[in-house]
Amino acid sequence: MPPHGRRRFAPLTTILAFFFLFTYSASAASAVLGIDLGTEYIKAALVKPGIPLEIVLTKDSKRKETAAVAFKSSRSKKDTTSFPERIYGGDAIAIAPRFPSDVYPNLKPLLGLQYSGSDVVKSYQELHPGLRAVEEKERGTVGFQSPSFDDKDEPFLVEEILAMELKNIRGNAMALAGKGSSIRDAVITIPPFYTAEEKRAVTLAAELAGLRILALISDGLSVGLNYATSRTFPTISSTTATVMKFQGRTVKDIGKYNKTIQEVQVLGTGWDRTLGGDALNELLVDDMITKFVDMSQVKALGADAQQVKGHGRTMAKLWKDAERIRQVLSANTETSSSFEGLFHEDVNFKYKLTRTDFEKLTSAHADRVERPIKQALASAKLSLSDIESIILHGGAVRTPFVQKQLEAIVGSTDKLRTNVNSDEAAVFGAAFKAAGISPSFRVKEIRASDSAGYAVGLKWTAEEKERQQKLFVPTSHIGAEKQVPFKVTDDFTFSLIEQIPSPNGDLIDRPVVKIQTKNMTASVEQLVDKFGCSKGDINTSFAIRLSPIDGLPEVVTGSVSCETTTQKGGVVDGVKDFFGFGSKKGDQEPLKDEKASKSVTSTSEEGAEPTSSPKESKASSTSDAEKANSTEKPKEPKKRTETINVNFSSEAAGIPQPSAEHMQRIKDRLTAFDSSDKSRLKREETLNTLEAFTYKARDLLDDEAFVAASTDKERSQIEEQFKSASEWLYGDGAEATREALKERLDGLHALVDPIQKRKQEASSRPASIKALQEALNQTKAMVSVVKQQREAQLVAEEASSSAAAAEAEAASQTTAAPSSTDDGFADLDDEPVTKPSTTTTAAPKPAPMLSYSEEELKEVTDAQDSVQAWLNEKLVEQEKLGPTDDPVILSSDLTAKSKELNDMVMKLLTKQMKVPPKSKPKPKIKTAKTKSGKKGKPTISPDDILNGMPDASKITDEQISEAIAQQKSKASESKGKAEATGTAGEKSKVAHEELYHHFTESYFTYAPDEKPSPVDHDIHFRPGIGPSGEDTYTPRTLIYDLKGGFGSLRRNGGLYEDESVPNDDGVWSGRTILQTSLPIPPSSYTAALNAGTSTPPQLTTSTVRYWSDFSRVFYHPRSIVQINDYELASSILPFENWDNGEELFRRLDSHGGDDSGEGIIDRDVRRWAEECDHMQGVQVLTGADDAWGGFAGRYVEALRDEMGKQAIWAWGIEEEKGHDSRAKQLLRTINAAKSTYEISSQASMYIPLSIPATTLPSYLQLERRSQWHTSGLLSMALESITLPSRLRPGVRKRGLLDDMEAALNVNGNQRIASLQCSIPDATTSDSQSANLSLADGDRRVPGSNTSEELHGEDSAREANARFDMNFSCGEVSPSGFGPVHDRAREHVFGRVECSRDHKEPLPETNGVEDDGIVRKRRRLAGVPIIERYRSSLQYPLIDSFPTIVSQPSNVPNTIAVHTSLSTTSRVSDCVKAFQIVVSRMASLHEREELFNGLGEISEAYEEGWNSGSDDDSDD
């Protein structure tokens, strides 16, 4: 067989190639925050492209932050410029007993309150006596005087301290979002009882924190939103315990269509301001104080309860433990706490409390639980029987007595629901609301309507009387708007008020905003003077609404108007009449010509008079006009409303906002805090670096390589300086400035860095010199090849010139014989017509074009000589130096010289590829059309055969027919026994397929006397016709990749030369501009293959950029499918999220990838499948932890629908996650979990693949960051384990995909297998080598050998241990977050082994006993089902395979490989690790389904599990 199309083949045959480059997007992206502002804790959730509804973790990786901030002054008394260190959350509470006067917890109840006359402020001071609360002079609100600042400094506002906490939350969110992200927009939850002052205080704090409030949402509605995100409600409404209405509603959509949306409406609210976790903690503190003062030691001190409550440190300790005690009692019946040195250094106190005693303390509070429920029901005008369920949320609902009281109120536990996350439901709802408001996101359409909470009215004075009007009730929806009329015609002032219930039930009017009109008087006078309105008829109205942002009442517009009457036919109408544009009624009739008049007359109704002649019409015109005037009716008056907008000013009533100067001072102080924190952080980093460097010096002085590169004097100096620095660090350096620390660090680096450089250069120099010498040798070889080509071209040129001269001389001797014809036109001057003679001469063939010029060759030669001379000179100089001297030849210089030579060689190779090729007849693949007009299979036309034959003019019809028959025969022979292969994008994944095809192609045999390969290449390759009509083979594969992912590979697969842009005749006929990107140059390896070099340059990790850089095969044009929706390595639209891949497939499948409108399967797969008569199945190779997993999930689902029970094997590749950020690791883990769940449910077998995270065997030299290296290792294992499916029948023991699947899927629902591999040492003895895999034959079947049967499981474990590489779910779960698996407890269900070594293969088996019976016996006995294959065909080490294996082999350029696929209980552990991450990190709408689905998969791999689906299948 002649050589096929080329020598390049890719890794996996019928696999779906989904590969894309993993890059981190650092571009600024829109992001929004949802913040649950609680009294004790603050929680936040982030929504960002690629991060859907993710909880913002604290710096300690906690999911909620304690609502506290502390100021910790510097230890250095000398430092008077820096601000104190700010400590947040639990760390702040931890230091409260030491610094009670500078820790500010639970500030939320103080928002919007006046300092004087407030019981809440008084209670807060009693609970935190260490804090110094003062009255802020400008506004009268609460402030705190910090002891870390001077008493003359302004006190800290509550809003200012809360802004610090919010800014800390924002900083954590920005860290989660990633570099370059900006977060400014937020939705914050508030209680429904918040008044205008409290809402404004929250808004002020957010503004100081750099946040823009999108909306303030009540925490109840926020929980309802979260509840509705994962549910769909019927169009009939229902109410829940939070007195919210959830319903589906049909509304008008775009055009004539309708759509159903979800609605959440708050119908009523109720509350108790002081009933919460703090109130219960206060009870515990009072009880502890009571028991404490009863101690004899305390009595001896003469201390009473009031003295203890006034002691700051004591109260801080008790308050800190009270929270812990309450939480412990929620799950335990009793608890205790111990305090040392409480109130006095000699007094120790132990407090013990049972749940029963705690419930007695809270008995009065238990009765208050029912009050808010009744209040909410009354507000909604509902009864308890109307409630469907009560949803519990908030931390205090876990308290047992609260749950008991709720059960007593409801009367049953059936209505109590815990199906929302009580801690995080509110923050998730707020984040969903933020995403819905932001224009950057599109979320499920849920219309949420909050309630006002309080009644809203207005007050104004008219006719010296104060008037009041109610506008909104407490249940009015936020965003509602009303037009309010006033009987006022002069400028006036009115106020919008809230009616706040007092403790005794009375309503107190609190002004919210004061409105002053500006131009009302002038506007009324204008209506009177200009339009003649009377003041009594003038209407004044204002549009007032509840703001959709904060729910406060606001005035939208105001206007004065009156209705006026005008006569028709004014000045404008007169001008219209003059120019003939007036009314067509009366005397202004349209002109009619004579023809028109006759036409009208002939069709007029009975009683109409005929039209007069022109003369008559002219004579009677005067009388007609008079008649018209005499009969004209008086014009009706026209009514019109004149409106003038009223300007007004708004001023917030109640507590005034800080002045502009005050706001600037606050912002300046917060900025100074931030700067101080950054400086402190940088100083600590420098201090830690210096301290670590001093420890590193000790290790360096013991390092042999470092000692060899340094002198005794240098080491002594280093030891002395580092000892001095270490002593200084623990002395004066502990409080030194960053500049002083950096100076010390730079001095130490100046001593160590030169020696380190010598050490590194001594280590890397030999390899760099070797690389440069290889580059020089390659350049020499290239120059030699170029010279040979030039000589051959010059000889051809001389021969061509001689032939041309001879032909020219022959042509000059041949004369043309003119002939003319005399006829009747002989007198006309015609051009002479000549007939050519019978002698014809062929046109001389052009001389071959020279690819390289003499100048180019000289340039390369000079560069080579220059580099060689430089290297020789430097090597001589370097040899004169000792190991302690600074090197004169650096690795960087050597690398630069190597690159210079490689670039010049690359330039020459690229130039040859750009030389226009000789025009050849190209084969045309024609597509036959069926009667229905659809495209059928490709057909071969006679033109295709003629174009491939020399001198086609001499071919007869019989020869043509014979050639067509031969082509059809070859095509039919190639059918059958095939697997289809598809691969999906990204360079690492496609690289596996590329190398896979390389190895498969290496089994081809060409020489007639060569021994036939045991591999049937027709399984993975299809026959075809090359560019010159020769036979060729291309892989049966489909490769999907992103735009730019194919590298230098041409879109036609490189097999055909036509790269012209197809003519696209569209509807646009105007001027078009074609923009093309520069082609990616091929690698030196590929360029050498294109140039016909027999020994291409060796591949290195630096020269491999794309998988096409080491490609050795040609692809059929239909194999290459580029997806243009996403671009490789895009930072704007990264292809990272699983859902993006799923949506991409659905879009391409529903609309078609081209103009045909066909789905993906019909367009891409069907043609390949129809070429196979007996298809084993389809293999799919895809990325599993990125968007390609979503694409493959839907692709496999479509394949299953199309192919029924056909075998579909999927290989899911997961990248190493160690170098990614935590957010990226979590995203990849969630993606991998989705792929495992979705693909394994549709595929016959799913095998996850990843490089083991643990230490690899010593015979491997693998660069983990090189995708060429990792793909080579995985392809070796993958190609070896699937080798039995490609063997020729009758020669070896074959194993079709169905056979291997039967051995693996033991219980009928075990579709996930793990891949193991090992490379045995060829120097091992035969007996030892035999132990590397299980012995031939298995006598552990019941009834065969009892002793071996008992040890069957142990033998399987031992066999498993002999494979030293596990590519699927190794010692650590794929997510990286699961526990280490206990190999000793691993149970093996089924295994397929393939051994490739120099031994004789296993023969074909013709077992007497039915395989199904054997399988059933093994399964019933709990013995692993093991299927073994062996082949003497060792794994080939081709030149495109990376040099990663150093194991010796008995056969040159090959290695022995042992592989296995197994289904074990280890899969259950890995899937459970996925479950852990899913339960915490997956989005709400998919968490439940994904978690439960993974749980079902995990159960299938637990030892002893049986689905029951296969009990009788083998009988």
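Peer 1: Help me understand the overall build of the protein, please; the structure alone is not making it clear to me.
Peer 2: A tally of regular secondary structure across the protein gives 41 helices and 47 strands. Here the protein has roughly 76,100 Å² of accessible surface; of this, 50% comes from carbon and sulfur atoms.

Peer 1: What is the right way to read the sheet that holds strand β9 (residues 133–135) from this model?
Peer 2: What holds strands together in a sheet is hydrogen bonding between their backbones, with the strands either parallel or antiparallel. The three strands lie next to each other as β9-β10-β11, forming an open sheet whose pairing is antiparallel. Of all strands in the sheet, those bounded by a partner on one side alone are β9 and β11 (156–157). Looking at chain direction, β9 and strand β10 (residues 142–144) are connected through three bridges and run antiparallel. Bridge pairing in β10 links Ala133 to Phe144.

Peer 1: Before we go on, may I ask you to explain the confidence of the model for the protein in this structure?
Peer 2: Caution applies to low-pLDDT parts of the model: their predicted coordinates are not meant to be read in detail. Of the residues in the protein, 71% have a pLDDT of 70 or more, and the chain-wide mean is 76. Considering only residues more than four positions removed or in separate chains, one finds that residues 578–632, a stretch of pLDDT under 50, has 16 contacts. Contacts for the low-pLDDT stretch residues 913–977, under 50 throughout, to residues beyond four places or in other chains number 79 contacts.

Peer 1: Quick question: what am I supposed to make of helix α35 (residues 1297–1304) here?
Peer 2: Side chains three or four residues apart in an α-helix point the same way, a direct result of the helix having 3.6 residues per turn. Residues Leu1297, Met1300, Glu1301, Ala1303 and Leu1304 constitute the buried set of α35. All buried residues of α35 fall inside an arc of 160° around its axis, so they share one side.

Peer 1: Explanation requested: the pattern of salt bridges in the structure shown.
Peer 2: Opposite charge on two side chains permits them to pair, given that their charged atoms come into close proximity. Enumeration according to the criterion identifies 53 salt bridges in this entry. With its nearest N and O atoms 3.5 Å apart, the salt bridge here joins Arg326 to Glu40. Within this pair, whereas Arg326 is found in helix α9 (residues 312–329), its partner Glu40 is found in the loop between β2 (32–37) and β3 (41–48), the two being separated by 286 residues in sequence. Of the charged contacts in the structure, one is a salt bridge between Asp746 and Lys742, with a shortest N-O distance of 3.3 Å. Of the two residues, Asp746 and Lys742 are both situated in helix α23 (residues 738–812); the distance of four residues between them amounts to about one turn of the helix. Using a relative accessible area of 38% as the deciding quantity, one classes Asp746 as partly exposed.

Peer 1: How should the state of the cysteines be read in this particular structure?
Peer 2: All chains considered together, the criterion is met by one disulfide. Disulfide partner of Cys533: Cys562, at an S-S distance of 1.8 Å. Residue Cys533 is found in the loop between α15 (520–531) and β27 (539–546), and its partner Cys562 is found in strand β28 (residues 553–567); the two are separated by 29 residues along the sequence. The same class applies to Cys533 as to Cys562, namely buried.

Peer 1: Sorry, what's going on with the sheet that holds strand β8 (residues 103–105) here?
Peer 2: Spatial strand order, β7-β6-β8: three strands in an open sheet with antiparallel pairing. Strand pairing shows two members of the sheet lacking a second neighbour, β7 (85–88) and β8, which therefore form its edges. Taking each pair of neighbouring strands and ignoring which way they run, the sheet shows an average axis angle of 15°. Looking at chain direction, strand β6 (residues 68–72) and β7 are connected through four bridges and run antiparallel. Its bridge partner being in β7, Val69 is matched across the sheet by Tyr88. Across the face of the sheet, helix α20 (residues 660–701) comes into contact with β6 and β7 while running at roughly 90° to β7.

Peer 1: Whenever I open this one, the environment of Leu301 confuses me. Can you help?
Peer 2: Looking at where Leu301 falls in the secondary structure, it is placed in helix α7 (residues 296–301). Judged by its relative accessible area of 41%, Leu301 falls in the partly exposed class. Taking the C-alpha atoms as reference points, Leu301 and Val347, 46 residues apart in sequence, are found 9.9 Å from one another. Dropping the residues within four chain positions of it, Leu301 is found in contact with His344 and Val347.

Peer 1: For this particular structure, what's the right way to read helix α6 (residues 277–293)?
Peer 2: Helix length check: α6, at 17 residues, gives a terminal C-alpha distance of 25 Å against a target of 24 Å (1.5 Å per residue), a fit within 8%. In terms of burial, α6 is a largely internal element, 13 of the 17 residues being buried.

Peer 1: Where do I start with the environment of Ile35 in this structure?
Peer 2: Position of Ile35 relative to the elements: it lies in strand β2. Given a relative accessible area of 0%, Ile35 falls into the buried group. Discounting residues that sit within four places of it in the chain, Ile35 has contacts with Ile42, Lys43, Ala44, Leu166, Ala186, Val187, Ile188, Thr189, Leu211, Val427 and Ala430.

Peer 1: When you look at unusual backbone geometry in this model, what are you seeing that I'm missing?
Peer 2: For residues besides glycine, phi is generally negative; the peptide bonds are generally trans as well. With a phi angle near 70°, Phe343 is a residue other than glycine that sits in the positive phi range. Its place among the elements puts Phe343 in the loop between β17 (334–339) and β18 (349–354). Take Phe343: its relative accessible area is 23%, and that puts it in the partly exposed class. Positive phi outside glycine occurs at Lys381, with the angle close to 60°. Tracing the backbone through its elements, the reader meets Lys381 in the loop between α12 (370–380) and β19 (390–391).

Peer 1: Where do I start with the packing of aromatic side chains in this structure?
Peer 2: A ring pair, where both rings are aromatic, is described by two values, the distance of the centres and the angle of the planes. Going through the model one piece at a time under the given rule, you end up with 41 aromatic pairs. Taking the centre distance of 5.8 Å and the plane angle of 55° together, the rings of Tyr1040 and Phe1191 count as tilted. Of this pair, Tyr1040 sits in strand β36 (residues 1037–1043) while Phe1191 sits in helix α32 (residues 1187–1203), and the two are 151 residues apart along the sequence. Phe1191 sits in the buried class, given a relative accessible area of 0%. Cluster of aromatic residues (ring-pair linked, three or more members): Phe71, Phe83, Tyr104, Tyr124, Phe144, Phe149, Phe156 and Phe673. Between Arg744 and the ring centre of Trp728, over which it is positioned, the NZ or CZ distance is 4.6 Å. Lying over the aromatic face of Trp870, Lys897 brings its terminal NZ or CZ to 5.1 Å of the ring centre.

Peer 1: Would you mind showing me how to read the environment of Trp1107 here?
Peer 2: Among the secondary structure elements, Trp1107 is positioned in the loop between α29 (1084–1090) and β37 (1120–1127). Judged by relative accessible area, Trp1107 falls into the buried class, the value being 0%. In this structure the C-alpha to C-alpha distance between Trp1107 and Leu1049, which are 58 residues apart in sequence, comes to 9.3 Å. Of note is the side chain of Trp1107, whose polar atom sits 3.4 Å from the side chain of Asp1041.

Peer 1: Would you mind going over the side chain of Ser768 with me for this structure?
Peer 2: With respect to the element layout, Ser768 can be found in helix α23. Discounting residues that sit within four places of it in the chain, Ser768 has contacts with Ser891, Leu894 and Thr895.

Peer 1: How should the packing of helix α31 (residues 1160–1170) against α32 be read in this particular structure?
Peer 2: When two helices pack together, their arrangement is given by the angle between their axes and by how far apart the axes lie. The contact between α31 and α32 brings their axes to 11 Å, and the two run at 70°. Relative to α32, α31 is oriented roughly perpendicular. Between α31 and α32 the crossing geometry is right-handed. For the pair α31 and α32, contact is made by Ile1160, Ile1161, Val1165 and Arg1166 and by Phe1191, Tyr1195, Ala1198, Leu1199, Glu1202 and Met1203, respectively. In the contact of α31 with α32, the residues fall into eight nonpolar, no polar and two charged.

Peer 1: Would you mind showing me how to read a negative patch on the surface here?
Peer 2: On the surface, Asp490, Asp491, Glu525 and Asp529 cluster together into a negatively charged patch. For Asp529, the position within the fold is in helix α15.

Peer 1: What is the right way to look at the pairing of β18 in this model?
Peer 2: The two faces of the sheet receive side chains in turn, since in a regular strand these alternate between them. Only one face of β18 is covered, namely the one carrying Phe349, Tyr351 and Leu353; the face carrying Lys350, Lys352 and Thr354 has none of its residues buried. As judged from the six bridges shared by β17 and β18, these two strands associate in the antiparallel manner. Paired with Ser336 across the two strands is Lys352, which belongs to β18.

Peer 1: Please clarify how the packing of helix α4 (residues 196–208) against α20 should be interpreted in this entry.
Peer 2: Relative orientation of the contacting elements α4 and α20 amounts to 50°, with a least axis distance of 11 Å. As far as their axial angle goes, α20 and α4 are oblique. Of the residues in α20, those touching α4 at Leu204, Glu207 and Leu208 are Met663, Ile666, Lys667 and Leu670. Of the residues assigned to the contact of α4 with α20, the class counts are five nonpolar, no polar and two charged.

Quick notes on the rules
- Residues numbered from 1 in each chain as written.
- Predicted model: local features only at pLDDT ≥ 70, side-chain atom pairs only at ≥ 80, totals over all residues.
- Heavy atoms only, no water.
- Helix = DSSP H or I, 4+ residues; strand = E, 2+ residues; numbered from the N terminus.
- Areas by Shrake-Rupley, 256 points an atom, 1.4 Å probe, with all protein chains shown as cover.
- Pairing = 2+ DSSP bridges.
- pLDDT = per-residue confidence, 0-100.
- Contact = heavy atoms within 4.5 Å.
- Buried < 20%, exposed > 50% of the residue type's maximum accessible area, 1.4 Å probe, protein only.
- Arc of directions from axis to C-beta.
- Salt bridge = Lys/Arg side-chain N within 4 Å of Asp/Glu carboxyl O.
- Disulfide = S-S within 2.5 Å.
- Axes fitted to C-alpha atoms, helices over the stretch in contact; angles between N-to-C directions.
- Expected span 1.5 Å × (residues − 1).
- Phe/Tyr/Trp six-rings, centres within 6.5 Å; stacked < 30°, edge-to-face > 60°.
- Lys NZ or Arg CZ within 6 Å of the ring centre and 35° of its normal.
- Polar contact = N/O pair within 3.5 Å; in protein donor to acceptor, adjacent residues only side chain to side chain.
- Parallel < 35°, antiparallel > 145°, perpendicular 65-115°, else oblique.
- Left-handed = near helix turned anticlockwise from the far one by under 90°.
- Nonpolar A, V, L, I, M, F, W, Y, C, P; charged D, E, K, R; others polar.
- Patch = residues over 30% accessible without salt bridge, like charges linked within 9 Å, V, L, I, M, F, W, Y side chains within 5 Å.
- Lys, Arg positive; Asp, Glu negative; His and termini not counted.
- Charge placed at Lys NZ, Arg CZ, Asp CG, Glu CD.

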